[in-house]
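The primary structure of each chain is shown beneath.
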Amino acid sequence: MDSLYPRVVVDDFARAFRFYEAVLPALLGAKLIKGTADGPYANWDVADQAVLVLIHRSLVAGTAEPGGPGDRTMFVSRVQSVDEAYALCVEHGATPVTAPVDRPEWGPGLRTAHVRDPEGNLWELQSY
């Protein structure tokens, strides 16, 4: 289970992909699980746990959802219930960004919500 990992939002996907594909295996023993330099998404794991996801800004900023020009990273957490996690975060001071929604186009059974922590950091809550 991928409990918490960073997602890096990039504009030049091919350049960023080549960089991470060169350094992550050497430094962390990370294995490319999904994606190519053509983008728009790639992820690397260590021992079946996500360590980094690279995503082209068009998948984020091209929607009415999280990730504006200022966001370069976001944390992503897999949770048991997106709705309950979203409510808990908002109850404790998070700013709602995207209410819980099913995302079949992103993956089978995927449900997400987005919040900003009290310091403005973007956090994606997901279940699948």
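See the structure above.
The structure displayed is predicted, hence computed values, not measured ones. (Residues numbered from 1 in each chain as written. Predicted model: local features only at pLDDT ≥ 70, side-chain atom pairs only at ≥ 80, totals over all residues. Heavy atoms only, no water.)

1. Let's talk about the pattern of salt bridges
One pass over the full model with this rule turns up five salt bridges. In this structure, E124 engages R7 in a salt bridge whose closest nitrogen and oxygen atoms are separated by 3.0 Å. Of this pair, E124 sits in strand β8 (residues 122–127) while R7 sits in strand β1 (residues 5–10); the two residues are 117 residues apart in sequence, bridging distant segments of the chain. An identical accessibility class is assigned to E124 and R7; each is buried. Where D102 meets R111, a salt bridge forms, and the shortest distance between an N and an O atom there is 2.9 Å. Residue D102 is classed as exposed on the basis of its relative accessible area of 51%. Here the salt bridges share partners, and the residues they tie into one network are D11, R57 and R72. (Salt bridge = Lys/Arg side-chain N within 4 Å of Asp/Glu carboxyl O. Helix = DSSP H or I, 4+ residues; strand = E, 2+ residues; numbered from the N terminus. Buried < 20%, exposed > 50% of the residue type's maximum accessible area, 1.4 Å probe, protein only.)

2. Concerning the nonpolar core
Ranked by size, the top nonpolar core spans eleven residues in total: V8, V10, F13, A16, F17, L24, A30, A42, W44, L52 and L54. Looking at this core element by element, the count peaks at four residues for helix α1 (residues 13–28). In this view, F17 contacts L32, G35, T36, A37, A42, W44 and L54; residues no more than four positions away in its chain are not counted. In this structure, V9, A50, I55 and L122 belong to the second largest nonpolar core, which totals nine residues. (Core = buried A, V, L, I, M, F, W, Y, C linked by side-chain atoms within 4.5 Å. Contact = heavy atoms within 4.5 Å.)

3. Topic: the packing of aromatic side chains
Across all of its chains, the model carries four aromatic pairs by this definition. Residues F13 and F17 carry aromatic rings whose centres are separated by 6.2 Å and whose planes lie at 25 degrees to one another, so their mutual orientation is stacked. Of this pair, F13 and F17 both sit in helix α1, separated by four residues, roughly a single helical turn. With a relative accessible area of 5%, F13 lands in the buried category. Judged by relative accessible area, F17 falls into the buried class, the value being 7%. Judged by centre distance (6.4 Å) and plane angle (50 degrees), the rings of Y20 and W44 are tilted. With Y20 in helix α1 and W44 in strand β3 (residues 41–46), this residue pair connects regions lying 24 residues apart in the sequence. A residue is classified by how much of its surface remains accessible, and W44, at 0% relative accessible area, is buried. In textbook terms, an aromatic cluster arises when at least three aromatic residues are bridged by ring pairs, as seen for F13, F17, F19, Y20 and W44. (Phe/Tyr/Trp six-rings, centres within 6.5 Å; stacked < 30°, edge-to-face > 60°.)

4. Overview of the sheet that holds strand β7 (residues 111–116)
In space, the eight strands of this open sheet follow the order β2-β3-β4-β1-β5-β8-β7-β6, with mixed pairing throughout. For this open sheet the edge positions go to β2 (31–34) and β6 (95–102), each flanked by a neighbour on one side alone. Sheet twist, expressed as the mean angle between neighbouring strand axes with direction ignored, is 25 degrees. As paired elements, β6 and β7 share five bridges and run antiparallel to each other. If you follow V101 over to β7, its bridge partner there is T112. In the packing of helix α3 (residues 82–91) onto the sheet, the strands contacted are β6, β7 and β8, and the crossing angle to β7 comes to about 10 degrees. (Pairing = 2+ DSSP bridges. Axes fitted to C-alpha atoms, helices over the stretch in contact; angles between N-to-C directions.)

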